[in-house]
Amino acid sequence: IEIICKKHDVRHEHRVSHAVTVTDMDNPLVGDFMRSIQKITGEPAKSCISYAASDGFYFSEQNIPCILTRPVGGELHGANEWISRASFVQLTPILRDYIEKTAGIVATPVDTAAAVR
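Here we summarise the structure given alongside this text. Since the model is a prediction, treat every value here as computed from it, not as a measurement. (Residues numbered from 1 in each chain as written. Predicted model: local features only at pLDDT ≥ 70, side-chain atom pairs only at ≥ 80, totals over all residues. Heavy atoms only, no water.)

**Notes on the pattern of salt bridges**
And then number 1: Inspection of the entire model under this criterion finds 4 salt bridges.
And then number 2: Notably, a salt bridge pairs Arg-35 with Asp-32, separated by 2.9 Å at the nearest N-O pair. In this pair, Arg-35 and Asp-32 are both assigned in helix α2 (residues 28-41), 3 residues apart and thus about one turn of the helix distant.
And then number 3: What makes Arg-35 partly exposed here is its relative accessible area of 49%.
And then number 4: Its relative accessible area of 18% is what places Asp-32 among the buried residues.
And then number 5: In this structure, Asp-97 engages Lys-39 in a salt bridge whose closest nitrogen and oxygen atoms are separated by 2.7 Å. In this pair, Asp-97 sits in helix α4 (residues 85-103) while Lys-39 sits in helix α2, placing the two residues 58 residues apart along the sequence.
And then number 6: Each member of the salt-bridge network shares a partner with another, and the members are Lys-39, Asp-97 and Lys-101. (Salt bridge = Lys/Arg side-chain N within 4 Å of Asp/Glu carboxyl O. Helix = DSSP H or I, 4+ residues; strand = E, 2+ residues; numbered from the N terminus. Buried < 20%, exposed > 50% of the residue type's maximum accessible area, 1.4 Å probe, protein only.)

**Describing the packing of aromatic side chains**
And then number 1: Taken as a whole and judged by the stated rule, the model has 2 aromatic pairs.
And then number 2: Seen from their ring centres, Phe-33 and Tyr-98 are 5.2 Å apart, and the 85 degrees between their planes marks the pair as edge-to-face. Taken together, the positions of Phe-33 in helix α2 and Tyr-98 in helix α4 put the pair 65 residues apart, joining distant regions of the chain.
And then number 3: You can call Phe-33 buried: its relative accessible area is 5%. (Phe/Tyr/Trp six-rings, centres within 6.5 Å; stacked < 30°, edge-to-face > 60°.)

**Description of a nonpolar patch on the surface**
And then number 1: A cluster of nonpolar side chains, contributed by Tyr-58, Phe-59 and Ile-64, occupies part of the molecular surface with about 310 Å² of accessible area.
And then number 2: As for its position among the elements, Tyr-58 is in helix α3 (residues 56-61). (Patch = residues over 30% accessible without salt bridge, like charges linked within 9 Å, V, L, I, M, F, W, Y side chains within 5 Å. Areas by Shrake-Rupley, 256 points an atom, 1.4 Å probe, with all protein chains shown as cover.)

**What to know about the side chain of Asn-27**
And then number 1: Inspection of the secondary structure assignment puts Asn-27 in the loop between α1 (2-7) and α2.
And then number 2: From its side chain, Asn-27 meets the backbone nitrogen of Leu-29 in a polar contact 2.7 Å long. (Polar contact = N/O pair within 3.5 Å; in protein donor to acceptor, adjacent residues only side chain to side chain.)

**Points about α2**
And then number 1: A rise of 1.5 Å per residue sets the reference length of α2, with its 14 residues, at 20 Å; its end C-alpha atoms lie 20 Å apart and thus fit the reference within 8%.
And then number 2: Those residues of α2 that sit buried are Val-30, Gly-31, Asp-32, Phe-33, Ser-36 and Ile-37.
And then number 3: Here the buried face of α2 lies against α4.
And then number 4: One side-chain oxygen at the N-terminal end of α2 lies 2.7 Å from the backbone nitrogen of Leu-29; it belongs to Asn-27. (Expected span 1.5 Å × (residues − 1). Contact = heavy atoms within 4.5 Å.)

This is how it looks when you write it as structure tokens:
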């Protein structure tokens, strides 16, 4: 950012009003969630650093694991915001698999395809 600003003779000021959400990727509950993502999507889950606004930092401040997730998409909060239908349909099975794994219960199946028709 600094290089771009210098090139175009502009000033950039970065302000953060709260701490970022930090997730311990070695936490067993986080690992379970990552495995649920891979099980359903067939792709390994990825971690990232996000400065997006969420309440996650409240949990991080108390050392409570917090996972921020969403369907694949783009143009966030813009006029052309979109999400992948396939990714959206995978989200419920990911959450169901994770809940069943961590809570030891079997969730009632939901027809997610019908929900997006």
